[in-house]
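Observations on the three-dimensional arrangement
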Amino acid sequence: MHPFSYIRATDERAAIGEVTATPQATFVAGGSTLIDLMKLNVMQPTRLIDINALPLTKIETRADGSVRVGALVRNSDMAYDETIRTRYPLLSEALLSGASAQLRNVATLGGNILQRTRCFYFRDTSMPCNKREPGSGCAAIEGHNRIHAVLGVSSKCIAAHPSDMCVALTALDAVVHVQGPKGERTIPFTDFHLLPAEHPERETALEHGELITAITLPPLPFATRSHYLKVRDRASYAFALVSVAVALDVQQGTIRNARLALGGVGTKPWRAEEAEKAIRGKRAGVSTYHAAAEIALRGAKTQKYNAFKVELAKRSIVRALTTVEAMA
Amino acid sequence: MQRRDHLPDSDPSVPAPCTVSEQSGAPPVSQISTSMHRLSRRKFLAETTALGAEVALWNMLAAEDPASADPLPTGAQQAAASSNKVSATLQINGKPYPMQIETRMSLLDAIREQAHLTGTKKGCDHGQCGACTVHIDGRRVLSCLTLAVMQEGQNITTIEGLAEGEKLHPMQAAFVAHDGFQCGFCTPGQIMSAVSMVKEGHAHNEGEIREAMSGNLCRCGAYPNILAAIQAAMEGKTDASL
């Protein structure tokens, strides 16, 4: 690991000032992604600003029914929070399907939004990777690409976004609150992560020095009928090959509203809005779900070893929708 | 980066010295490494120690002569700046452990190599195996994926802090009674994780316990006995005869 200096920030403004002042400085919260990647020399910050003392640890229900979650809320606390469990079950399930209990105890909301890809070649500094070293090439396209993305890929990068939580957040239309050197702003979750296109090294809409302070979950009454389905190589403690976040509003057998998002298959947390639109107003049932699955995977571009993900994703979508429909 | 072929007598488990040198980015070190391709690991260590001494000497000279125009060669400057040593006191098992550590030292390394509490094990060192599980303020965490400096002021509990004198913690006793291990390397992490899991209160049956313990790998495959031990401890049974 490269050497770095370290300070603890006690207020937000100072923390942002510290990172802004140094190009290679970065915030550290739980550290479960950052320290792992620093050990691999994939990330080499020269200065760490520890934000764990900042007061960003609350989960609050607002007057308008939305729920605001502080960026330092740990994954385990968020997953077991009564409001999250009852109002947004897909989010609680997504959180609990990620990593292990030990990691969920340190991993934060803000950190998980910024989780880096598990692409083998991104994590191996002896290999080319456009995300890690712009212009060096993509070793995954011709390499072992079984775990890689099929949606949102480019000729520069096919790395899949690894987070489970983010798949639920994109389905819920969460809003990201950001504080930075130029003040505060909000970013819709669906715009927060960027497609790799020509610049896979640029992963989010965040500017250097900007700090995620919270997210807001809009009131979404039908999210009480929702589910996160994760398909992986092991029963637990593994990244998703495919995952599906679903919320359904079915009344008298008709789909009034639907939310559908995918994990493990996209270069960013993947919201399937076209599929949602297509099934609104349709009869709930397997044939409608098959149609939704076809639309959701329409733009898939497969590689040598990951073509199976297309069929797996379609079947997972059908299963997740069927499961939610059956909920009382 | 890996040039082990130049080092026929080097220990394969140790990263090639050139890799280490190049990572430091310090020109003099790289020069040494270039001339070192045919050197043994032992000689490499001696050379780097000599470089360390040289840096220390330069630091002393620089401190004595602040007006000196160019007190440090560039590489030495980088090496000196790279140490980033800080004083920290970790609270482990109720005892303060003052230490001088680098900012980059993991909590795991601080526990093992500074506090000399070697019950906590280093498995993968990348948050994938659970062998390094400890409690921070009562919650189970992986000590390999957090920095020691980040945990100053927190209450850290390691496997050495579970027993009360000679009296084993019920989970430890249950692991003994149910033979919840084979080689034993993962055991401290398994026990720390299990104690915390019981306290969390979310796992009630076999399936839930397996899920809640999935962050602790056992290469020997002692899972059935680990599960039996945890279930026995949860039921308040720690004696094999029960």
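Computed from a predicted model, the values in this text were never measured in an experiment.

1. Some remarks on the overall build of chain B
Of the regular secondary structure elements, chain B holds nine helices and five strands. For chain B, the sequential pattern of α-helices and β-strands runs α-α-α-α-β-β-α-β-β-β-α-α-α-α. Taken across its 242 residues, chain B has 37% of its residues classed as buried. Of the contacts made within chain B by residues no fewer than 6 positions apart, 52% connect residues no fewer than 24 positions apart.

2. Let's talk about the sheet that holds strand β2 (residues 95–102) of chain B
All names here are of chain B. Pairing within the open sheet is mixed, and its five strands lie in the order β2-β1-β5-β3-β4. Where the open sheet ends on each side, the last strands, each with one partner, are β2 and β4 (139–142). Neighbour-to-neighbour, the strand axes of the sheet open up by a mean angle of 40°, direction not taken into account. In the packing of helix α5 (residues 107–114) onto the sheet, contacts are made with β1 (85–92), β2 and β3 (133–136), and the angle to β2 comes to roughly 110°. Those strands touched by helix α7 (residues 187–200) are β3 and β4, and its axis lies near 40° from that of β3.

3. Some details on the domain arrangement of chain A
With domains assigned, chain A is organised as domain 1 (5–50) and domain 2 (224–325). A C-alpha centroid distance of 36 Å is found between domain 1 of chain A and domain 2 of chain A.

4. Re the pairing of strand β8 (residues 211–217) of chain A
All names here are of chain A. With seven of its seven residues buried, β8 lies for the most part within the structure. Pairing of strand β5 (residues 67–70) with β8 involves four bridges; the strand directions are antiparallel. When the bridges of β8 are listed, Val69 appears paired with Ile215. Of the strand pairs in this sheet, strand β6 (residues 175–180) and β8 are connected by five bridges, and their pairing is antiparallel. Within β8, the position partnered with Gln179 by the bridge is Leu211.

5. A short note on unusual backbone geometry
A negative phi angle is the norm for most residues apart from glycine, just as the trans form is the norm for most peptide bonds. Residue and element names in this part refer to chain A. Residues other than glycine seldom take positive phi values, yet Ala197 does so here, at roughly 40°. Within the fold, Ala197 resides in the loop between α9 (189–192) and β8. Accessibility expressed as a C-beta count within 10 Å gives 14 for Ala197, which makes it partly exposed.

6. With respect to the nonpolar core
Ranked by size, the top nonpolar core spans 151 residues in total, and within it Leu90, Ala168, Leu172, Ala245, Val246, Leu260 and Ile317 of chain A carry the most contacts. Setting aside its immediate chain neighbours within four residues, Ala168 of chain A contacts Leu90, Leu91, Ala94, Tyr228 and Ala245 of chain A.

7. Details of the interface of chain B and chain A
A common measure of how large an interface is: the accessible area buried when the components associate. Contact with chain B, which involves 27 residues of that partner, is made by 23 residues of chain A. Counting residues per element, the ones that place at least two in the side of chain B that touches chain A are β4, α7 and α8 (206–212) of chain B. Among the elements that line the side of chain B that touches chain A, the one with the most residues is β4 of chain B, at four residues. The class makeup of the residues in the side of chain B that touches chain A is nine nonpolar, 13 polar and five charged.

Conventions adopted
- Residues numbered from 1 in each chain as written.
- Chains lettered and ligands numbered in written order.
- Predicted model: local features only at pLDDT ≥ 70, side-chain atom pairs only at ≥ 80, totals over all residues.
- Helix = DSSP H or I, 4+ residues; strand = E, 2+ residues; numbered from the N terminus.
- Buried ≥ 20, exposed ≤ 12 C-beta atoms within 10 Å, placed from the backbone.
- Contact = placed C-beta atoms within 7 Å.
- Pairing = 2+ DSSP bridges.
- Axes fitted to C-alpha atoms, helices over the stretch in contact; angles between N-to-C directions.
- Domains from an automatic or database assignment.
- Core = buried A, V, L, I, M, F, W, Y, C linked by C-beta atoms within 7 Å.
- Nonpolar A, V, L, I, M, F, W, Y, C, P; charged D, E, K, R; others polar.

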